[in-house]
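# Geometric and topological summary
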Amino acid sequence: MKIKITTLVIIALLNVLSFQLLAQKSNYNELIAQKANLIEQKVIAWRQDIHQNPELGNREFRTAELVAKHLQSLGMEVKTKIAFTGVVGILKGDKPGPVIALRADMDALPIEEINDLPFASKVKTIYNGQETGVMHACGHDGHVAILMGVAEILAEMKKDLKGTVIFIFQPAEEGAPKGEEGGAALMVKEGVLEDHQVDVIFGLHLDSQLEVGKITYRPAGAMAGVADFKITVNGKGSHGSQPWFSVDPVLVASQIVVNLQQIVSRNVNLTENAAAVTVGAINGGNRANIIPTKVELIGDVRSFSNEDATLIYSRIKQIAEKTAEAAGAAAVVELPYQTRYPVTFNNVELTKSMLPSLQKSAGIENTLLVPAMTAAEDFSFFAQEVPGLFFFLGGMPKGQDPMTAAPHHSPEFIIDDNSFKLGVIAFCNLVFDYADMNKNWSLESH
C-alpha cells in the first residue's frame, strides 16, 4: 500500500513539474491541451445537464445560477442579472495586457425534442399562448459548457495571463420574448463592453453538419444581417359569390408575394453578395365563402451589406404599397417589425492575425475558409462596437454524411460530445496568442 501511495505521489509531482515546464514556454498551447484533456468530462457533464434543463430567452434563471456559482468558485468577480439573466465573469491576469471578451449564448428554443438520449429535454412551457417543448436545438448548451471550461483553465493559469478576460454569458440570442428587449443588443446597451473597456471579442458556434475536429471561419461579412417585416393589406370584404363588390386583400397579398421575388433576382448584384427575401406566413380570412377585409404577411430579409439592406427595404415598401394601390387596396409595411440583427462582421485584420491560433488548435488541414452564411447571429452587435472574430466548431460525428445530419432548429438536432474539447482549446489559445500580440485593431477594417 505504501508503494502504491508513493507511486501516486510521484506521478502527481511529475504532472505538476510538466505543467510548470510547459508554462515557462512563450507558447502555452501544449499546457492548454493537457488541461483541456483533464477537464473534458466535466465540460460534457455540464452540457448534458444544461441540455436536460433548457430555458427560453430572458428566462435562463437556472443556467445563469449554474454559471455564476462556477465563476465565483474560481475566485472571479461576477456580475449577474445583466440584460435580465446575463452573467459576466471578470478574470484579471497577473500580468498587464489587453481586455479580451469571450461570449457564449445560453437560451434554448420552443421545440419538442425527439432524440432518444438519456439527457433529452422533457421540459414543457407556454410560448405565444401554446404549449410547447423546450430544447437546446442550436448548440447553446455546448457554448455555455465550453466557456465554463475555458474559465476554469484560464483561472488556473492566472499567473501567466496577460491582461483581463471578460466571460460574457448572454441570454436571448434567439430573440427576446415579444414586448421585451434582450440579447447582445441589450447587453451592449447596458455597458457590458464599455464598462470593462473591452479591446476585442471572440465567439464560437457549434455546427451540427460540420465534422468534429474542424473549425471554419470567414473574414469580413461571415453571417447575414436580418430584419423581419410585416405587411398588412387592407381591402374591402364581400361574399365569395360577389367578388366584384370586394377589394380582395387575399389576391393583392398573393401578388405582393410574387412581386417581392423580383428584388433578389433583379435588383441585388448577386456577384457581390447573396441576399434573400422570404415570406413565411400569410394570415387572413376564416371561411371559404367570405372575402376578408384584411390580410397580413410576415417574413424576413437577409443581406450582407448596409447598402443592400437599404435597397431591399426600399423595394419591399415600394412593391407592397404600389401593388396594393393598383388594385384599390392599401398596404402598411413595418420593417423591421420585431427583430433586426446587423451583419456578423469578422474584423479583417484581426481574423488574419488570429488564423494561426485557430490552425494551431485544430490543425491547418482542419481550419477551413468557407463562404458566408445567410443565417444570422446577434454576436454582430458586439462586433459593431469592438473588433470581433466569430468562428464555427464541428459538432457532427466523424465520418457522417452532412446531408444526413439533423440541421439546427430541428427536433432531431444533436451535437457529438467529442466536439467540446476543441472549443475549449481554441478559446484559450486565442486569449494567450492575442495577449502576446499586444496590438489594437481598428473597427475601420469593417
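Thresholds applied
- Residues numbered from 1 in each chain as written.
- Predicted model: local features only at pLDDT ≥ 70, side-chain atom pairs only at ≥ 80, totals over all residues.
- Heavy atoms only, no water.
- Helix = DSSP H or I, 4+ residues; strand = E, 2+ residues; numbered from the N terminus.
- Buried < 20%, exposed > 50% of the residue type's maximum accessible area, 1.4 Å probe, protein only.
- Axes fitted to C-alpha atoms, helices over the stretch in contact; angles between N-to-C directions.
- Parallel < 35°, antiparallel > 145°, perpendicular 65-115°, else oblique.
- Left-handed = near helix turned anticlockwise from the far one by under 90°.
- Contact = heavy atoms within 4.5 Å.
- pLDDT = per-residue confidence, 0-100.
- Core = buried A, V, L, I, M, F, W, Y, C linked by side-chain atoms within 4.5 Å.
- Salt bridge = Lys/Arg side-chain N within 4 Å of Asp/Glu carboxyl O.

## Some details on unusual backbone geometry
- The linkage connecting Leu 335 with the following residue, Pro 336, adopts the cis geometry, with an omega of 0°.
- Note that Pro 336 resides in the loop between strand E15 (330-334) and strand E16 (340-341).
- Positive phi, close to 65°, is recorded for Asn 58, a residue that is not glycine.
- For Asn 58, the location among the structural elements is in the loop between helix H2 (29-52) and helix H3 (61-73).
- You can call Asn 58 buried: its relative accessible area is 1%.

## Overview of the packing of helix H4 (residues 140-156) against helix H10 (residues 420-437)
- Packing of H4 against H10 leaves a shortest axis separation of 9 Å and a crossing angle of 50°. The orientation of H4 with respect to H10, classified from their angle, is oblique. As H4 packs across H10, the resulting crossing turns out to be right-handed. Mapping the contact onto sequence places Gly 142, Ile 146, Leu 147, Gly 149, Val 150, Ile 153 and Leu 154 in H4 and Phe 420, Gly 423, Val 424, Phe 427, Cys 428, Val 431 and Phe 432 in H10.

## Details of the confidence of the model for the protein
- Scored by pLDDT, the protein has a mean of 93; 93% of the residues are at 70 or more.
- Per-residue pLDDT stays below 50 along residues 1-5; that stretch engages in zero contacts with residues further than four places along the chain or on separate chains.
- Counted against residues more than four places away or in other chains, residues 7-12, with its pLDDT under 50, gives zero contacts.

## Section: the nonpolar core
- Ranked by internal contacts, the top residues of the largest apolar core, which has 69 residues, are Leu 102, Val 150, Leu 154, Phe 167, Phe 169, Phe 202 and Phe 427.
- Excluding anything up to four places from it in sequence, Phe 167 contacts Met 76, Val 87, Val 88, Gly 89, Leu 91, Leu 102, Leu 147, Val 150, Ala 151 and Leu 154.
- Counting 27 residues, the second largest nonpolar core, distinct from the first, contains Val 301, Tyr 313, Ile 316 and Ala 329.

## With respect to the pattern of salt bridges
- Evaluation of the coordinates by the stated rule reveals 21 salt bridges.
- Measuring nitrogen to oxygen at the nearest pair gives 3.0 Å for the salt bridge that ties Arg 62 to Asp 49. In this pair, Arg 62 is assigned in helix H3 and Asp 49 in helix H2, connecting sequence segments 13 residues apart.
- When its relative accessible area of 35% is taken as the criterion, Arg 62 is described as partly exposed.
- Residue class for Asp 49 comes out partly exposed when judged on its relative accessible area of 26%.
- For the salt bridge of Glu 325 with Lys 322, the shortest nitrogen-to-oxygen distance reads 3.6 Å.

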